[in-house]
Amino acid sequence: NAGVTQTPKFQVLKTGQSMTLQCAQDMNHNSMYWYRQDPGMGLRLIYYSASEGTTDKGEVPNGYNVSRLNKREFSLRLESAAPSQTSVYFCASSIGTSAGELFFGEGSRLTVL
Amino acid sequence: AQSVTQLDSHVSVSEGTPVLLRCNYSSSYSPSLFWYVQHPNKGLQLLLKYTSAATLVKGINGFEAEFKKSETSFHLTKPSAHMSDAAEYFCVVRGSSASKIIFGSGTRLSIRP
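In this text, all values refer to a predicted model and were calculated from it rather than measured experimentally.

With respect to the overall build of chain B
- The helix and strand tally for chain B stands at 0 helices and 12 strands.
- When its helices and strands are written in sequence order, chain B yields β-β-β-β-β-β-β-β-β-β-β-β.
- The globule rule puts the C-alpha radius of gyration for 113 residues at 13 Å, and the 13 Å found for chain B is close to it.
- Split into buried and exposed, the 113 residues of chain B put 42% on the buried side.

Below is the structure:
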């Protein structure tokens with residue numbers, strides 16, 4: 001019973017490098033989300049996908065892109081990483097955007113040097 | 001507009017004593033409210049949720065929360081703290097869309113032996 005799976009768990013990048021964080025859920029949820037967590041700031045929404053084929057910006061989308069590859073998978077891409085993107089990234093899913101709780105992955109810790 | 005305030009950034013209690021983590025919310029309609037727990041280097045796990053049924057909500061690991069509309073509060077309690085309860089706790093208010101899922105800034109709970 002995997003739930004929400006994120007890869008990689010850890011990554012170190014140099015400024016300007018690109019990378020993609022992968023997320024997959026096996027709960028047949030319609031909605032998926034990417035959050036970042038920084039000390040003292042709670043969780044902030046980067047992008048979300050209400051359903052397969054749709055994506056929307058959240059609170060802090062600058063410097064990121066997303067792809068909802070299919071109903072199960074939702075990836076987050078950093079095209080040109082910056083030190084300000086050093087953070088812990090969480091993928092989450094829910095049955096829909098207007099109801100139900102979020103289910104979270106274990107997180108991906110990203111350091112940009 | 002919705003908002004959520006966790007009134008304490010850090011709470012420290014002795015093992016075996018009661019736990020109280022405070023959360024106040026603001027919402028223009030009857031919200032859904034959640035408490036999540038995050039252990040170090042882990043994802044967020046749902047403790048309990050309020051969705052307009054009973055005002056006293058029981059969750060996992062002996063935690064409870066009471067929805068008080070008149071006080072706009074949703075405080076988390078546990079009668080007797082255990083060492084394994086040491087973690088970060090987040091109060092979350094959920095509205096009608098992904099952009100209206102608001103996380104509190106978190107309360108770190110420490111347990112003294």
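Let's pick the thread back up.
Describing the layout of surface pockets
- For the largest pocket, the calculated volume is near 610 Å³.
- As for the largest pocket, its lining consists of 29 residues, of which Gln 37, Val 88 and Arg 109 of chain A together with Gln 38 and Asn 41 of chain B are closest to the centre.
- Residue composition of the lining of the largest pocket, by class: 9 nonpolar, 13 polar and 7 charged.

Structural notes on the sheet that holds strand β3 (residues 19–25) of chain A
Residue and element names in this part refer to chain A.
- One open sheet accounts for 4 strands, arranged β1-β3-β8-β7; its pairing is antiparallel. The open sheet terminates on both sides in strands that have one partner only, identified here as β1 (4–7) and β7 (64–68). Taken pair by pair, the neighbouring strands of this sheet meet at an average axis angle of 15°, ignoring direction.
- Bridging between β3 and strand β8 (residues 74–78) involves 3 bridges; their strand directions are antiparallel.

The rules behind the values
- Residues numbered from 1 in each chain as written.
- Chains lettered and ligands numbered in written order.
- Predicted model: local features only at pLDDT ≥ 70, side-chain atom pairs only at ≥ 80, totals over all residues.
- Heavy atoms only, no water.
- Helix = DSSP H or I, 4+ residues; strand = E, 2+ residues; numbered from the N terminus.
- Rg over C-alpha atoms; globule rule 2.2 N^0.38 Å.
- Buried < 20%, exposed > 50% of the residue type's maximum accessible area, 1.4 Å probe, protein only.
- 1 Å grid on protein atoms, 1.4 Å probe; cavity = no way out; pocket = protein on both sides within 12 Å on 5 of 7 lines; lining within 4 Å.
- Points joined across faces, edges and corners; volume = space filled by probe spheres on them.
- Nonpolar A, V, L, I, M, F, W, Y, C, P; charged D, E, K, R; others polar.
- Pairing = 2+ DSSP bridges.
- Axes fitted to C-alpha atoms, helices over the stretch in contact; angles between N-to-C directions.

This is a description of form; function is not addressed.
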